[in-house]
Amino acid sequence: MTAKILSLNVNGRDETILCDGLTTLQEVLRDQLGLLTSVKDGCTQGGCGSCSVLVDGELWLSCLAPVAALAGRAVMTLEGLKQSAGIAAIQQSFIDNSAAQCGFCTPGMILTVKALLDANPEPSHDEILEALSGNLCRCTGYLPIVEAVKDAAARLSGGADAARASEGREG
Ligand code: FES
C-alpha cells in the first residue's frame, strides 16, 4: 500500500498527515494527532458511536472513514468545539441529568447531540431516540441521556432559566 501525505483541517488547524488507502480517520486522530480523550476506540467496526466526529458539520464514525478521501475537509472533535456555541449547554445538561457515568460514550454522545440540535433544535422524543441509536452506552440505561438532550434543547432555545423553570429547578 502506497503511503501519501495529505493536509487535513482538524479543529481549525491544518495538519499534515501520513496515510495509505486503508488508514482511517480514527487512526489519524488518535495515533498521529493524539486526540485520545474524545475520539474513543470502542469497536472499530462502526457499531458503538464512541469515535464520532464532525466532518464539515456532519456526524461521521471516524473508524469507518478512509482518511485519504478527506483531503481538504474540516474535521471537528469535541476538543475543537470547546468554545463553540451550544457545547457548554449540552455538557451542563449531561452533568445535571446524570447522563455521564463512566464517560466512555460521552464525547460521542455529545457530538451526536450537537449535530442533532444544530439540524433540529426542537427534536421529538422519537427523533432523539433515532439520533442516539448509533451510540451505545453500557452504564446509564439511556433515559438520563434522553432527558439531557431535552434539557439541552430547552436551554439552547430558551436559555438556562427556561430549562430550569420547566423542570422546577432553581439556581
Ligand atoms: Fe459509561 Fe455511557 S456512561 S458507556
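S.K.: For helix H3 (residues 106-119), give the residues involved together with the corresponding values.
M.R.: At 3.6 residues per turn, the α-helix brings residues three or four places apart onto the same side. With 14 residues, H3 extends 20 Å from end C-alpha to end C-alpha; this agrees with the ideal 20 Å at 1.5 Å per step. Counting buried positions along H3 yields twelve of 14 residues, so the element is predominantly enclosed. Along H3, the positions that sit buried rather than exposed are Thr106, Pro107, Gly108, Met109, Ile110, Leu111, Thr112, Val113, Lys114, Ala115, Leu116 and Leu117.

S.K.: Summarise the pairing of strand S2 (residues 13-19); cite the residues concerned and give the values.
M.R.: Sheet analysis places strand S1 (residues 4-10) next to S2, joined by seven bridges and oriented antiparallel. What sits directly across from Ser7, in S2, is Thr16. Connecting S1 to the next strand, S2, in antiparallel fashion are two residues, including Asn11 with a positive phi near 55°.

S.K.: Can you break down the nonpolar core residue by residue, with the values?
M.R.: Counting residues in each nonpolar core, the largest one holds 24 residues, and the members touching the most others are Ile90, Phe94, Met109, Val113, Leu117, Leu132 and Ile145. Elements supplying a minimum of two residues to this core: helix H2 (87-96), H3, helix H4 (125-132) and helix H5 (143-166). Of all the elements, H3 adds the most residues to this core, at seven residues. Apart from residues no more than four positions distant in its own chain, Ile145 is found in contact with Phe94, Ala99, Met109, Leu132, Cys137 and Thr140.

S.K.: Describe in detail the sheet that holds S2, supporting the description with residues and values.
M.R.: If you walk across this open sheet you meet the five strands as S2-S1-S5-S3-S4, and the pairing is mixed. A single partner strand is all that each edge strand has here, and the edge strands are S2 and strand S4 (58-61). With strand direction ignored, the average angle separating the axes of adjacent strands in the sheet is 40°. Relative to strand S5 (residues 74-76), strand S3 (residues 52-55) runs antiparallel, the two being bridged by two bridges. Following the sheet pairing, Leu54 is matched in S5 by Met76.

S.K.: Give a description of the packing of H3 against H4 that names residues and reports values.
M.R.: In the contact formed by H3 and H4, the axes pass within 10 Å of each other and the chain directions differ by 130°. One element, H3, and the other, H4, form an angle in the oblique class. Along this stretch, H3 crosses H4, giving a crossing that reads as right-handed. Every residue of H4 that contacts H3 at Met109, Thr112, Val113 and Leu116 is listed here: Glu127, Ile128, Ala131 and Leu132.

Conventions adopted
Residues numbered from 1 in each chain as written. Predicted model: local features only at pLDDT ≥ 70, side-chain atom pairs only at ≥ 80, totals over all residues. Heavy atoms only, no water. Helix = DSSP H or I, 4+ residues; strand = E, 2+ residues; numbered from the N terminus. Expected span 1.5 Å × (residues − 1). Buried < 20%, exposed > 50% of the residue type's maximum accessible area, 1.4 Å probe, protein only. Pairing = 2+ DSSP bridges. Core = buried A, V, L, I, M, F, W, Y, C linked by side-chain atoms within 4.5 Å. Contact = heavy atoms within 4.5 Å. Axes fitted to C-alpha atoms, helices over the stretch in contact; angles between N-to-C directions. Parallel < 35°, antiparallel > 145°, perpendicular 65-115°, else oblique. Left-handed = near helix turned anticlockwise from the far one by under 90°.

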